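Examination of the molecular architecture
Listed below, chain by chain, are the residues.
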Amino acid sequence: MQDADPIHEESLPDPDQSDGSPKAQLKGLRERIRRLGEHLQENPGDRKARRALDRALRKKRSLRRYIEGSD
C-alpha cells in the first residue's frame, strides 16, 4: 500500500530508540496501523480492533498536521 505521505518513512527515527518526538510517534503509529489493518482483514467482526484503528488514524492525522506546521 503506497502512502501519499509528504513525510517519508526514511526521514523518521526509530520509535524504539527515540526520545518520543512527534516523528518517532508517527513512525510507531504507521506500524500499529499496518498491524491492525492486517488483523481486521482476518477478523472483520472485531469491533475493538476497528475502534483502535480509527483512534490510531486520528492520532496519525493530528501528528502529521503538527509536524507539517512546525517545519
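Here, every reference points to the structure presented above.
Bear in mind that the values here come from a model prediction, so they are computed numbers and not experimental data. Each chain carries its own residue numbering, running from 1 in the written order of its sequence. With pLDDT at 70 or above as the cut-off, local features in this predicted model cover only qualifying residues; side-chain atom pairs require 80 or more to be listed or tallied, and sums for whole chains, interfaces and linings still use all residues. As a convention, hydrogens and water are excluded, and side-chain values are obtained from all of the structure's heavy atoms.

1. Description of the pattern of salt bridges
The test is simple: Between Lys or Arg on one side and Asp or Glu on the other, a salt bridge is scored when a side-chain nitrogen of the former is within 4 Å of a carboxyl oxygen of the latter. In this text, helices come from DSSP runs of H or I with a minimum length of four residues, and strands from runs of E with a minimum of two, each type numbered from the N-terminal end. Only protein chains enter the accessibility calculation, which uses a 1.4 Å probe; a residue whose area is less than 20% of its type maximum is buried, one above 50% is exposed, and one in between is partly exposed.
For the structure on display, the rule yields 5 salt bridges. Arg34 is paired through a salt bridge with Glu31; the nearest N and O atoms lie 2.4 Å apart. With a gap of 3 residues between them, Arg34 and Glu31 both fall in helix H1 (residues 22–42), about one helical turn apart. Classification of Glu31 by relative accessible area gives partly exposed; the value is 33%. Residue Arg34 is joined to Glu38 by a salt bridge in which the shortest nitrogen-to-oxygen separation is 2.6 Å.

2. Considerations on the environment of Leu26
Here Leu26 shows up in helix H1. Distance in space between the C-alpha atoms of Leu26 and Ile67 is 9.4 Å, their sequence separation being 41 residues.

3. Section: the nonpolar core
Where we set the bar: Grouping buried Ala, Val, Leu, Ile, Met, Phe, Trp, Tyr and Cys residues that are joined through side-chain atoms within 4.5 Å yields what is termed a nonpolar core.
Leu26, Leu29, Ile33, Leu36, Leu40, Ala49, Ala52, Leu53, Ala56, Leu63 and Ile67 form the largest nonpolar core, which has 11 residues in total. Mapped onto this core, the elements with two or more residues apiece are H1 and helix H2 (47–70). If one sorts the elements of this core by residue count, H2 sits on top with 6 residues.

4. Observations concerning a positive patch on the surface
Filter applied, for reference: Residues enter patches when they are more than 30% accessible in relative terms and free of salt bridges; like-charged ones are connected within 9 Å and nonpolar ones (Val, Leu, Ile, Met, Phe, Trp, Tyr) within 5 Å. Per-residue and other accessible areas follow the Shrake-Rupley method at a 1.4 Å probe size, with only the shown protein chains counted as cover for residues. Only four residue types enter the charge count: Lys and Arg as positive, Asp and Glu as negative, with His and the chain ends excluded. Where a charge lies is defined by one atom per residue type: Lys uses NZ, Arg uses CZ, Asp uses CG and Glu uses CD.
On the surface, Arg32, Arg51, Arg55, Arg58, Arg61 and Arg65 cluster together into a positively charged patch. Of the residues forming the positive patch, the biggest block, 5 residues, is contributed by H2. Looking at the element boundaries, Arg55 is found in helix H2.

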